[in-house]
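# Residue-level structural notes
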2 protein chains.
Amino acid sequence: MRERSKQAQAIRKLLEEAAGPMSANELWSASQENGIGIATIYRALKRGVEAGELCEANLPGSPTRYEPAGRTHHHHFLCSECHRAIDLHGCVPGLEAILPPQFTLTDHEILLFGLCADCSPAS
Amino acid sequence: MRERSKQAQAIRKLLEEAAGPMSANELWSASQENGIGIATIYRALKRGVEAGELCEANLPGSPTRYEPAGRTHHHHFLCSECHRAIDLHGCVPGLEAILPPQFTLTDHEILLFGLCADCSPAS
DNA sequence: AGAGAAGTGATAATCGATTATAAGTTATCC
DNA sequence: GGATAACTTATAATCGATTATCACTTCTCT
(Lines give C-alpha, C1' and ligand atoms only; values in the text may rest on other atoms or scores of the structure.)
Protein backbone atom coordinates (compact mmCIF):
# COMPACT_ATOMS: atom_id res chain seq x y z
CA MET A 1 0.00 0.00 0.00
CA ARG A 2 1.28 3.39 -0.96
CA GLU A 3 1.03 6.60 0.97
CA ARG A 4 -1.24 9.33 -0.27
CA SER A 5 0.33 11.29 -3.08
CA LYS A 6 1.42 14.88 -2.63
CA GLN A 7 -1.60 16.03 -4.62
CA ALA A 8 -4.05 13.99 -2.59
CA GLN A 9 -2.50 15.34 0.59
CA ALA A 10 -2.90 18.91 -0.63
CA ILE A 11 -6.54 18.32 -1.44
CA ARG A 12 -7.14 16.67 1.90
CA LYS A 13 -5.46 19.56 3.69
CA LEU A 14 -7.65 22.11 1.92
CA LEU A 15 -10.76 20.24 2.99
CA GLU A 16 -9.59 19.87 6.59
CA GLU A 17 -8.90 23.57 6.90
CA ALA A 18 -11.87 24.88 4.96
CA ALA A 19 -14.72 26.65 6.71
CA GLY A 20 -17.18 24.37 4.93
CA PRO A 21 -17.55 21.76 2.21
CA MET A 22 -15.90 22.49 -1.14
CA SER A 23 -16.75 21.51 -4.70
CA ALA A 24 -14.30 20.00 -7.17
CA ASN A 25 -14.05 23.35 -8.89
CA GLU A 26 -13.40 25.26 -5.71
CA LEU A 27 -10.66 22.82 -4.79
CA TRP A 28 -9.17 23.15 -8.23
CA SER A 29 -9.13 26.95 -8.09
CA ALA A 30 -7.56 26.77 -4.64
CA SER A 31 -4.87 24.41 -5.96
CA GLN A 32 -3.87 26.39 -8.99
CA GLU A 33 -0.45 27.27 -7.56
CA ASN A 34 0.32 23.54 -7.30
CA GLY A 35 -0.70 22.90 -10.89
CA ILE A 36 -3.04 20.10 -9.93
CA GLY A 37 -5.29 18.96 -12.78
CA ILE A 38 -9.05 18.83 -12.43
CA ALA A 39 -9.07 15.10 -13.13
CA THR A 40 -6.79 14.52 -10.16
CA ILE A 41 -9.19 16.46 -7.97
CA TYR A 42 -12.09 14.27 -9.01
CA ARG A 43 -10.08 11.08 -8.56
CA ALA A 44 -8.90 12.06 -5.10
CA LEU A 45 -12.45 12.94 -4.07
CA LYS A 46 -13.82 9.68 -5.38
CA ARG A 47 -11.14 7.66 -3.60
CA GLY A 48 -11.68 9.62 -0.42
CA VAL A 49 -15.39 8.86 -0.44
CA GLU A 50 -14.78 5.18 -1.20
CA ALA A 51 -12.26 5.01 1.62
CA GLY A 52 -14.79 6.59 3.97
CA GLU A 53 -12.51 9.56 4.63
CA LEU A 54 -14.68 12.09 2.85
CA CYS A 55 -18.38 12.54 2.46
CA GLU A 56 -20.52 14.38 -0.02
CA ALA A 57 -22.61 17.42 0.81
CA ASN A 58 -25.22 18.29 -1.76
CA LEU A 59 -26.48 21.82 -1.47
CA PRO A 60 -29.27 23.06 -3.71
CA GLY A 61 -28.32 24.57 -7.04
CA SER A 62 -24.62 23.78 -6.87
CA PRO A 63 -22.42 20.83 -7.75
CA THR A 64 -21.56 18.26 -5.10
CA ARG A 65 -19.28 19.49 -2.36
CA TYR A 66 -17.05 17.39 -0.14
CA GLU A 67 -16.01 17.48 3.50
CA PRO A 68 -13.98 15.27 5.82
CA ALA A 69 -16.08 12.44 7.20
CA GLY A 70 -16.76 11.93 10.87
CA ARG A 71 -17.49 15.49 11.84
CA THR A 72 -20.21 16.12 14.37
CA HIS A 73 -23.75 16.87 13.20
CA HIS A 74 -23.86 20.26 11.57
CA HIS A 75 -25.56 22.29 8.87
CA HIS A 76 -24.55 24.77 6.20
CA PHE A 77 -24.69 28.43 5.35
CA LEU A 78 -24.52 29.57 1.74
CA CYS A 79 -23.22 33.06 1.07
CA SER A 80 -25.08 34.76 -1.77
CA GLU A 81 -22.09 36.95 -2.48
CA CYS A 82 -19.00 34.76 -2.47
CA HIS A 83 -20.94 31.52 -2.94
CA ARG A 84 -18.96 29.67 -0.31
CA ALA A 85 -20.56 27.09 1.93
CA ILE A 86 -19.78 27.46 5.63
CA ASP A 87 -20.37 24.98 8.42
CA LEU A 88 -22.90 25.88 11.09
CA HIS A 89 -22.45 24.17 14.40
CA GLY A 90 -25.38 22.96 16.40
CA CYS A 91 -28.88 22.12 15.36
CA VAL A 92 -32.44 23.22 15.90
CA PRO A 93 -34.97 21.23 17.95
CA GLY A 94 -38.55 20.61 16.97
CA LEU A 95 -38.24 19.56 13.35
CA GLU A 96 -40.74 16.74 13.86
CA ALA A 97 -43.36 19.40 14.41
CA ILE A 98 -43.71 19.96 10.68
CA LEU A 99 -43.54 16.28 9.69
CA PRO A 100 -46.93 15.03 8.47
CA PRO A 101 -48.44 11.93 10.09
CA GLN A 102 -47.41 8.54 8.66
CA PHE A 103 -44.12 9.95 7.41
CA THR A 104 -40.83 8.40 8.50
CA LEU A 105 -38.03 10.85 9.22
CA THR A 106 -34.49 9.61 8.65
CA ASP A 107 -32.45 12.74 8.09
CA HIS A 108 -32.64 16.47 7.70
CA GLU A 109 -30.73 19.44 6.41
CA ILE A 110 -31.01 23.04 7.47
CA LEU A 111 -29.72 25.66 5.07
CA LEU A 112 -29.29 29.30 5.88
CA PHE A 113 -28.75 31.83 3.11
CA GLY A 114 -27.41 35.35 3.30
CA LEU A 115 -24.05 37.06 3.61
CA CYS A 116 -21.10 35.59 5.48
CA ALA A 117 -19.00 37.69 7.83
CA ASP A 118 -16.59 38.67 5.06
CA CYS A 119 -19.38 39.77 2.73
CA SER A 120 -21.69 41.39 5.28
CA PRO A 121 -21.62 45.20 5.40
CA ALA A 122 -19.32 46.30 8.23
CA SER A 123 -21.39 46.70 11.37
CA MET B 1 -52.99 38.67 -25.74
CA ARG B 2 -53.73 35.04 -26.13
CA GLU B 3 -55.08 32.63 -23.58
CA ARG B 4 -52.88 29.92 -22.18
CA SER B 5 -52.67 26.94 -24.49
CA LYS B 6 -54.21 23.60 -23.61
CA GLN B 7 -50.77 22.21 -22.85
CA ALA B 8 -49.78 25.09 -20.61
CA GLN B 9 -53.07 24.71 -18.76
CA ALA B 10 -52.45 21.01 -18.20
CA ILE B 11 -49.00 21.71 -16.83
CA ARG B 12 -50.31 24.44 -14.58
CA LYS B 13 -53.05 22.16 -13.29
CA LEU B 14 -50.57 19.43 -12.44
CA LEU B 15 -48.50 21.89 -10.43
CA GLU B 16 -51.53 23.31 -8.63
CA GLU B 17 -52.71 19.91 -7.56
CA ALA B 18 -49.35 18.36 -6.76
CA ALA B 19 -48.32 17.63 -3.20
CA GLY B 20 -45.06 19.43 -3.80
CA PRO B 21 -42.81 21.00 -6.43
CA MET B 22 -42.21 19.01 -9.62
CA SER B 23 -39.32 18.80 -12.04
CA ALA B 24 -39.62 19.10 -15.81
CA ASN B 25 -39.19 15.35 -16.09
CA GLU B 26 -41.83 14.57 -13.50
CA LEU B 27 -44.26 16.85 -15.29
CA TRP B 28 -43.44 15.21 -18.59
CA SER B 29 -44.00 11.71 -17.21
CA ALA B 30 -47.27 12.84 -15.70
CA SER B 31 -48.35 14.31 -19.07
CA GLN B 32 -47.56 11.30 -21.21
CA GLU B 33 -51.21 10.57 -21.90
CA ASN B 34 -51.56 14.03 -23.44
CA GLY B 35 -48.52 13.56 -25.67
CA ILE B 36 -46.92 16.77 -24.51
CA GLY B 37 -43.29 17.10 -25.61
CA ILE B 38 -40.51 17.79 -23.16
CA ALA B 39 -39.63 21.04 -24.95
CA THR B 40 -43.14 22.31 -24.33
CA ILE B 41 -42.78 21.53 -20.66
CA TYR B 42 -39.59 23.57 -20.44
CA ARG B 43 -41.12 26.43 -22.42
CA ALA B 44 -44.19 26.58 -20.24
CA LEU B 45 -42.09 26.52 -17.07
CA LYS B 46 -39.85 29.30 -18.31
CA ARG B 47 -42.80 31.46 -19.28
CA GLY B 48 -44.48 30.75 -15.98
CA VAL B 49 -41.45 31.88 -14.02
CA GLU B 50 -41.05 35.01 -16.19
CA ALA B 51 -44.71 35.84 -15.68
CA GLY B 52 -44.31 35.46 -11.93
CA GLU B 53 -46.83 32.64 -11.80
CA LEU B 54 -44.35 29.92 -10.96
CA CYS B 55 -41.23 29.79 -8.88
CA GLU B 56 -38.27 27.49 -8.79
CA ALA B 57 -37.47 25.18 -5.90
CA ASN B 58 -33.96 23.80 -5.92
CA LEU B 59 -33.54 20.76 -3.76
CA PRO B 60 -30.14 19.14 -3.29
CA GLY B 61 -29.06 16.53 -5.80
CA SER B 62 -32.00 16.88 -8.15
CA PRO B 63 -32.90 19.09 -11.10
CA THR B 64 -34.87 22.27 -10.57
CA ARG B 65 -38.47 21.79 -9.51
CA TYR B 66 -41.31 24.24 -9.94
CA GLU B 67 -44.31 25.27 -7.87
CA PRO B 68 -47.06 27.88 -8.12
CA ALA B 69 -45.87 31.23 -6.83
CA GLY B 70 -47.44 33.03 -3.92
CA ARG B 71 -47.87 30.12 -1.57
CA THR B 72 -47.30 30.69 2.10
CA HIS B 73 -43.90 30.02 3.62
CA HIS B 74 -43.21 26.31 3.65
CA HIS B 75 -40.49 23.70 3.39
CA HIS B 76 -39.98 20.38 1.67
CA PHE B 77 -39.77 16.69 2.37
CA LEU B 78 -37.90 14.39 0.01
CA CYS B 79 -38.92 10.74 -0.08
CA SER B 80 -35.93 8.43 -0.46
CA GLU B 81 -38.13 5.78 -2.01
CA CYS B 82 -40.35 7.47 -4.61
CA HIS B 83 -38.16 10.58 -4.87
CA ARG B 84 -41.10 12.93 -4.76
CA ALA B 85 -40.85 16.30 -3.04
CA ILE B 86 -43.73 17.10 -0.70
CA ASP B 87 -44.66 20.43 0.87
CA LEU B 88 -44.34 20.77 4.61
CA HIS B 89 -46.49 23.43 6.19
CA GLY B 90 -45.22 25.56 9.01
CA CYS B 91 -41.72 26.41 10.07
CA VAL B 92 -39.35 25.98 12.96
CA PRO B 93 -38.35 28.80 15.31
CA GLY B 94 -34.85 29.49 16.54
CA LEU B 95 -32.83 29.23 13.37
CA GLU B 96 -30.81 32.32 14.29
CA ALA B 97 -29.36 30.31 17.17
CA ILE B 98 -26.93 28.59 14.84
CA LEU B 99 -26.04 31.69 12.80
CA PRO B 100 -22.47 32.84 13.53
CA PRO B 101 -21.87 36.46 14.58
CA GLN B 102 -21.44 39.03 11.79
CA PHE B 103 -23.47 36.92 9.38
CA THR B 104 -26.54 38.36 7.67
CA LEU B 105 -29.48 35.99 7.34
CA THR B 106 -31.81 36.55 4.39
CA ASP B 107 -33.46 33.21 3.80
CA HIS B 108 -33.50 29.61 4.88
CA GLU B 109 -34.57 26.17 3.77
CA ILE B 110 -35.43 23.18 5.90
CA LEU B 111 -35.32 19.79 4.25
CA LEU B 112 -36.55 16.59 5.79
CA PHE B 113 -35.61 13.24 4.31
CA GLY B 114 -37.19 9.85 4.81
CA LEU B 115 -40.23 7.96 3.63
CA CYS B 116 -43.51 9.60 2.72
CA ALA B 117 -46.83 8.18 3.89
CA ASP B 118 -47.18 6.05 0.77
CA CYS B 119 -43.71 4.57 1.10
CA SER B 120 -43.58 4.18 4.89
CA PRO B 121 -44.14 0.66 6.19
CA ALA B 122 -47.79 0.28 7.23
CA SER B 123 -48.11 1.21 10.88
C1' DA C 1 -61.59 31.60 -45.57
C1' DG C 2 -56.97 33.54 -45.20
C1' DA C 3 -52.96 36.08 -43.06
C1' DG C 4 -50.12 36.28 -39.38
C1' DA C 5 -48.79 35.55 -34.66
C1' DA C 6 -47.99 32.23 -31.19
C1' DG C 7 -47.58 27.55 -29.84
C1' DT C 8 -46.17 22.60 -30.52
C1' DG C 9 -43.40 18.17 -30.95
C1' DA C 10 -39.28 15.88 -32.47
C1' DT C 11 -34.79 16.23 -32.38
C1' DA C 12 -30.24 18.34 -32.70
C1' DA C 13 -27.24 21.33 -30.20
C1' DT C 14 -25.32 23.09 -26.08
C1' DC C 15 -23.83 23.40 -21.32
C1' DG C 16 -21.61 22.27 -16.93
C1' DA C 17 -20.19 18.42 -14.36
C1' DT C 18 -17.91 14.28 -14.31
C1' DT C 19 -15.37 10.22 -16.13
C1' DA C 20 -12.31 7.72 -19.40
C1' DT C 21 -8.15 7.56 -22.10
C1' DA C 22 -3.36 7.90 -23.31
C1' DA C 23 1.22 9.13 -22.61
C1' DG C 24 4.31 10.46 -19.26
C1' DT C 25 6.01 10.64 -14.09
C1' DT C 26 6.99 9.05 -9.43
C1' DA C 27 7.39 5.86 -5.78
C1' DT C 28 8.37 1.12 -4.18
C1' DC C 29 10.60 -3.05 -4.14
C1' DC C 30 13.97 -6.31 -5.50
C1' DG D 1 19.28 0.82 -11.36
C1' DG D 2 15.42 -1.27 -13.46
C1' DA D 3 10.67 -3.50 -13.39
C1' DT D 4 6.42 -2.35 -12.17
C1' DA D 5 2.45 -0.57 -9.99
C1' DA D 6 0.18 3.58 -8.77
C1' DC D 7 -0.36 8.19 -9.87
C1' DT D 8 -0.36 12.45 -12.75
C1' DT D 9 -1.74 15.89 -16.50
C1' DA D 10 -4.16 17.24 -20.48
C1' DT D 11 -7.80 16.40 -23.05
C1' DA D 12 -11.45 13.82 -25.30
C1' DA D 13 -15.68 11.53 -24.31
C1' DT D 14 -19.87 11.09 -21.82
C1' DC D 15 -23.95 12.24 -19.17
C1' DG D 16 -28.21 14.53 -17.72
C1' DA D 17 -30.44 18.84 -18.00
C1' DT D 18 -31.80 22.49 -20.73
C1' DT D 19 -32.24 25.29 -24.98
C1' DA D 20 -32.43 26.11 -30.04
C1' DT D 21 -34.14 24.92 -34.54
C1' DC D 22 -37.46 23.68 -37.90
C1' DA D 23 -41.49 22.18 -40.05
C1' DC D 24 -46.08 22.00 -38.79
C1' DT D 25 -50.51 23.21 -36.20
C1' DT D 26 -53.65 26.17 -33.78
C1' DC D 27 -55.55 30.33 -32.50
C1' DT D 28 -57.15 35.19 -33.43
C1' DC D 29 -58.73 38.68 -36.08
C1' DT D 30 -60.87 40.50 -40.07
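Below is a short write-up of the structure. All of these numbers come straight from a predicted model, not from anything done at the bench. (Residues numbered from 1 in each chain as written. Chains lettered and ligands numbered in written order. Predicted model: local features only at pLDDT ≥ 70, side-chain atom pairs only at ≥ 80, totals over all residues. Heavy atoms only, no water.)

## A word on the packing of helix α1 (residues 6–17) of chain B against helix α3 (residues 38–50) of chain B
All names here are of chain B. Following both chains from N to C, one finds α1 and α3 inclined at 70°, their axes separated by 10 Å at the closest point. The pairing of α1 with α3 is recorded here as roughly perpendicular in orientation. For the pair α1 and α3, the contacting residues are Gln7, Ile11 and Leu15 in the first and Thr40, Ile41, Ala44 and Leu45 in the second. Within the contact of α1 with α3, the residues separate by chemical class into five nonpolar, two polar and no charged. (Axes fitted to C-alpha atoms, helices over the stretch in contact; angles between N-to-C directions. Helix = DSSP H or I, 4+ residues; strand = E, 2+ residues; numbered from the N terminus. Parallel < 35°, antiparallel > 145°, perpendicular 65-115°, else oblique. Contact = heavy atoms within 4.5 Å. Nonpolar A, V, L, I, M, F, W, Y, C, P; charged D, E, K, R; others polar.)

## Quick notes on the nonpolar core
If you look at the biggest cluster of nonpolar residues, it comprises 25 residues, and the most contacted ones within it are Phe77, Ile110 and Leu112 of chain A together with Phe77, Ile110 and Leu112 of chain B. Contributions of two or more residues to this core are made by β4 (74–79), β5 (85–89) and β6 (104–115) of chain A together with β4 (74–79), β5 (85–89) and β6 (104–115) of chain B. Here the element with the most residues in this core is β6 of chain A; it accounts for three residues. Beyond its immediate sequence surroundings of up to four residues, phenylalanine 77 of chain B is in contact with Leu99, Phe103 and Thr104 of chain A together with Arg84, Ala85, Ile86, Leu88, Leu112, Phe113, Gly114, Leu115 and Cys116 of chain B. (Core = buried A, V, L, I, M, F, W, Y, C linked by side-chain atoms within 4.5 Å. Buried < 20%, exposed > 50% of the residue type's maximum accessible area, 1.4 Å probe, protein only.)

## Overview of the pairing of strand β3 (residues 65–68) of chain A
Two faces make up the sheet, and in a regular strand the side chains alternate between them. Residue and element names in this part refer to chain A. Examined bridge by bridge, strand β1 (residues 22–23) and β3 share two bridges and lie antiparallel to one another. When the bridges of β3 are listed, serine 23 appears paired with arginine 65. Relative to β3, strand β2 (residues 54–57) is paired through four bridges, and the arrangement is antiparallel. Pairing of glutamate 56 across the sheet is with tyrosine 66, part of β3. (Pairing = 2+ DSSP bridges.)

## Re the protein's contact with DNA strand D
Around DNA strand D, a shell composed of 18 residues is seen, among which Ser5, Ile36, Thr40 and Arg43 of chain A together with Tyr42 of chain B lie nearest. Among the atoms of DNA strand D close to the protein, meaning within 4 Å, 72% are from sugar or phosphate groups. Within the side chain of arginine 47 of chain A, an N or O atom sits 3.4 Å from a phosphate oxygen of DNA strand D. Within the side chain of tyrosine 42 of chain B, an N or O atom sits 2.6 Å from a phosphate oxygen of DNA strand D. (Near = heavy atom within 4 Å. Polar contact = N/O pair within 3.5 Å; in protein donor to acceptor, adjacent residues only side chain to side chain.)

## Topic: the interface of chain A and chain B
Opposite the 36 residues of chain A that make contact, chain B presents 36 residues. In total, chain A and chain B occlude about 2800 Å² of area from one another, counting both sides; carbon and sulfur atoms represent 70% of this. Across the chain A-chain B interface, the total number found is zero salt bridges. There are 12 residue pairs in polar contact (both at pLDDT 80 or more) connecting chain A and chain B. A breakdown of the residues in the side of chain A that touches chain B according to their chemical character gives 23 nonpolar, 11 polar and two charged. Summarising the sheet, β6 of chain A and β6 of chain B pair through 11 bridges and their orientation is antiparallel. What sits directly across from leucine 105 of chain A, in β6 of chain B, is glycine 114 of chain B. (Buried area = accessible area lost by both parts, 1.4 Å probe. Salt bridge = Lys/Arg side-chain N within 4 Å of Asp/Glu carboxyl O.)

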